[in-house]
Amino acid sequence: MDLSSKNQVQNPLFQKIEQVRRRQGKVRDTHITLAHGSGGKAMRDLIDDIFVSSFDNPILSQLEDQASLNLASLLQQGDRLAFTTDSYVVDPLFFPGSDIGELAVNGTVNDLAVSGAKPLYLTCSVILEEGLPVETLRRVAASMKAAAKKAGIQIVTGDTKVVHRGAADKLFINTAGIGIIPRGVSISAHNIQPGDAIIVNGELGNHGAAILIARGELALETNIESDCQSLHSLVETILHACPQVHAMRDATRGGLATVLNEFALSSDVGIRLYEESIPVREEVNGVCEILGLDPLYLANEGKLVVVVSKENADKILSAMKSHPAGKDACIIGEVITSPPGIVLLKTIFGAERIVDMLIGDQLPRIC
């Protein structure tokens, strides 16, 4: 270092500037501006103040363009990587029982969990509309922090973009997740066999009904809340009781009907449901009757469908009931040989009808 450089370092003015530059940024604006997505100081302040402070962990704090993960520690937990991504555009952002932040974390965690994986890491990318209240973003980040802590995962990297007012609707979130599948676990729709039992972990359709009512277009008053929750702990309980689960999937968009149709087509089997065994709240049924909807197609954000051999069904059902997220679990149907690729519903009147794939969209932007 030459003398002039040394003098500059010792200069109190330069020292003051350096201290200010290294200080964690704070957002002074009350609403998001285009500057918050420009890549400059306003964006850095937003990231520091809202995301880094909320999601703080050793990997994220490096603030690199990527998260560097230790492969050796991953391999100690399993032999396969589970990797998923999802985007969340739910309207409204806050609804009875949850919000877009918790939904984004739990939704991605559940996509990993139903493969049998232990969820470990998440990314978080946000698209912000110019004019979004900063306090709204703080609430969402705090909700994501709480959900991630509860699920035992880390949000390790992300991205922020801002678009002009009217080019988006307040806030969109994309998350990607990484988990490790333990050795010996093989869960796939292709494993389903005739005679298998079909189990769900509780009431169906609560999330879709809660979103519909939260939009305030129907002037209905109910106490229906979203079932948004993380399911990884329930899956661990299931696999501890019986690792030989054939298939498992969370019933989100398209609801139970869509999941079962996907199962039937993947394994070229038939599925028969028993209407009297399917758990649906009276209030959810009421909303569906008023609007001409079918609760079998309503979205869920805390419900999974488990397909197991008949011999293991009672063992898994008992294990599920021992867990808070599965206390209302029940067997709702069975896998049959024919007609292949078809889901049938035996109604409370004794007749049978086909439960086909959803055509169109009963309720857009539910997740």
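It should be noted that the structure appears before, not after, this text.
Residues numbered from 1 in each chain as written. Predicted model: local features only at pLDDT ≥ 70, side-chain atom pairs only at ≥ 80, totals over all residues. Heavy atoms only, no water.

Trainee: Tell me about the pattern of salt bridges, residues and numbers included.
Mentor: In this structure the tally under the stated criterion is 15 salt bridges. Among the ionic pairs, aspartate 79 bridges to arginine 80, the shortest N-O distance being 3.6 Å. A relative accessible area of 43% means that aspartate 79 is categorised as partly exposed. Among the salt bridges present, the one from lysine 303 reaches aspartate 227, with a minimum N-O distance of 3.3 Å. On the criterion of sequence distance, the pair formed by lysine 303 in the loop between helix H10 (282–291) and strand E10 (304–308) and aspartate 227 in the loop between helix H7 (206–214) and helix H8 (232–241) is long-range, its members being 76 residues apart. (Salt bridge = Lys/Arg side-chain N within 4 Å of Asp/Glu carboxyl O. Buried < 20%, exposed > 50% of the residue type's maximum accessible area, 1.4 Å probe, protein only. Helix = DSSP H or I, 4+ residues; strand = E, 2+ residues; numbered from the N terminus.)

Trainee: Let's hear about the side chain of asparagine 110: which residues, and what values?
Mentor: Summarising the element assignment, asparagine 110 is placed in helix H5 (residues 100–113). Judged by its relative accessible area of 1%, asparagine 110 is buried. Of the polar contacts made by the side chain of asparagine 110, one reaches the backbone oxygen of glutamine 229; its length is 3.0 Å. (Polar contact = N/O pair within 3.5 Å; in protein donor to acceptor, adjacent residues only side chain to side chain.)

Trainee: Tell me about the pairing of strand E6 (residues 171–181), residues and numbers included.
Mentor: Strand residues, when the strand is regular, have side chains that alternate between the two faces of the sheet. The buried fraction of E6 amounts to 8 of the 11 residues, a majority that puts the element mostly inside the structure. Summarising the sheet, strand E4 (residues 118–129) and E6 pair through 8 bridges and their orientation is antiparallel. By the bridge assignment, tyrosine 121 is partnered in E6 with isoleucine 178. (Pairing = 2+ DSSP bridges.)

Trainee: How would you explain the sheet that holds E10 if you had to name every residue and give the values?
Mentor: Neighbouring strands of a sheet are bound in pairs by backbone hydrogen bonds; such pairs are parallel or else antiparallel. Read from one edge to the other, the open sheet built from 7 strands follows the order E8-E10-E7-E11-E9-E12-E13, with strand pairing classed as mixed. Each end of this open sheet is capped by a strand with a single partner; those strands are strand E8 (247–250) and strand E13 (352–354). If you compare each strand with its neighbour and ignore which way they point, the axes differ by 25 degrees on average. Looking at chain direction, strand E7 (residues 197–200) and strand E11 (residues 330–336) are connected through 4 bridges and run antiparallel. Note on E11: the bridge partner recorded for isoleucine 198 is glycine 333. Running at roughly 150 degrees to E8, helix H9 (residues 255–267) makes contact with E7, E8, strand E9 (270–274), E10, E11 and strand E12 (343–346) of the sheet. (Axes fitted to C-alpha atoms, helices over the stretch in contact; angles between N-to-C directions. Contact = heavy atoms within 4.5 Å.)

Trainee: A description of the sheet that holds E6 should follow, citing residues and the corresponding values.
Mentor: The sheet built from 4 strands is open, its strands ordered E1-E6-E4-E5 with mixed pairing. With partners counted over all chains shown, the strands left at the sheet margins are strand E1 (80–88) and strand E5 (154–163), one partner each. Sheet twist, expressed as the average angle between the axes of neighbouring strands with direction ignored, equals 15 degrees. Relative to E1, H5 is tilted by about 150 degrees, and along the sheet it contacts E1, E4, E5 and E6. Relative to the sheet, helix H6 (residues 134–151) contacts E4, E5 and E6, its axis offset from that of E6 by approximately 15 degrees.

Trainee: Could you give an account of unusual backbone geometry, naming the residues involved and the relevant values?
Mentor: Keep in mind that most residues, glycine aside, have a negative phi and that most peptide bonds are trans. Here the amide bond leading from aspartate 91 into proline 92 is cis, since omega sits at 5 degrees, within 30 degrees of zero. Assignment of secondary structure puts proline 92 in the loop between E1 and strand E2 (94–95). Here serine 338 and proline 339 are connected by a cis peptide whose omega angle stands at 0 degrees. Position of proline 339 relative to the elements: it lies in the loop between E11 and E12. The phi torsion at leucine 63 lies on the positive side, around 55 degrees, for a residue other than glycine.

Trainee: Just give me the short version of the packing of helix H3 (residues 41–55) against H6, but keep the residues and values in it.
Mentor: Between H3 and H6, whose axes approach to 8 Å, the crossing angle comes to 20 degrees. As the angle between them shows, H3 and H6 are arranged roughly parallel. The handedness of the crossing between H3 and H6 comes out as right-handed. In this structure, H3 uses Leu46, Asp49, Ile50, Phe51, Ser54 and Phe55 to contact H6, whose residues at the interface are Val134, Leu137, Arg138, Ala141, Ala142, Met144 and Lys145. (Parallel < 35°, antiparallel > 145°, perpendicular 65-115°, else oblique. Left-handed = near helix turned anticlockwise from the far one by under 90°.)

Trainee: Can you lay out the side chain of arginine 281 for me, pointing to particular residues and giving the numbers?
Mentor: For arginine 281, the position within the fold is in the loop between E9 and H10. What makes arginine 281 buried here is its relative accessible area of 16%. Not counting residues up to four positions away in its chain, the partners in contact with arginine 281 are Glu203, Asn206, Asn223, Ile224 and Glu225.

Trainee: Got a sec to walk through the nonpolar core? Specific residues and values, please.
Mentor: In terms of nonpolar packing, the biggest core is built from 49 residues, with Val105, Leu128, Leu137, Met144, Leu171 and Ile173 touching the most fellow members. The biggest single contributor to this core is H6, with 8 residues. Excluding residues within four positions of it along the chain, methionine 144 makes contact with Phe55, Gly101, Ala104, Val105, Cys124, Ile155, Ile173 and Thr175. (Core = buried A, V, L, I, M, F, W, Y, C linked by side-chain atoms within 4.5 Å.)

Trainee: Residues and numbers for the packing of H5 against H6, please.
Mentor: At a minimum axis separation of 7 Å, H5 and H6 run at an interaxial angle of 30 degrees. Here H6 runs roughly parallel to H5, going by the angle between their axes. H5 and H6 meet at a crossing whose hand is right-handed. Contacts between H5 and H6 pair Ile100, Gly101, Glu102, Ala104, Val105, Asn106 and Val109 from the former with Val140, Ser143, Met144, Ala147, Ala148 and Ala151 from the latter. Taken together, the residues of the contact of H5 with H6 break down into 9 nonpolar, 3 polar and 1 charged. (Nonpolar A, V, L, I, M, F, W, Y, C, P; charged D, E, K, R; others polar.)

Trainee: Before we move on, could you go through the packing of aromatic side chains and cite the residues and values that matter?
Mentor: Throughout the structure, instances matching the rule amount to 1 aromatic pair. Here the aromatic rings of phenylalanine 51 and phenylalanine 55 are separated by 6.0 Å at their centres, their planes lie at 40 degrees, and the arrangement is tilted. Highlighted residues: phenylalanine 51 and phenylalanine 55, both in helix H3, separated by 4 residues, approximately one helical turn. Take phenylalanine 51: its relative accessible area is 9%, and that puts it in the buried class. You can call phenylalanine 55 buried: its relative accessible area is 8%. Sitting above the plane of the phenylalanine 94 ring, arginine 139 keeps its charged end 3.8 Å from the centroid. (Phe/Tyr/Trp six-rings, centres within 6.5 Å; stacked < 30°, edge-to-face > 60°. Lys NZ or Arg CZ within 6 Å of the ring centre and 35° of its normal.)

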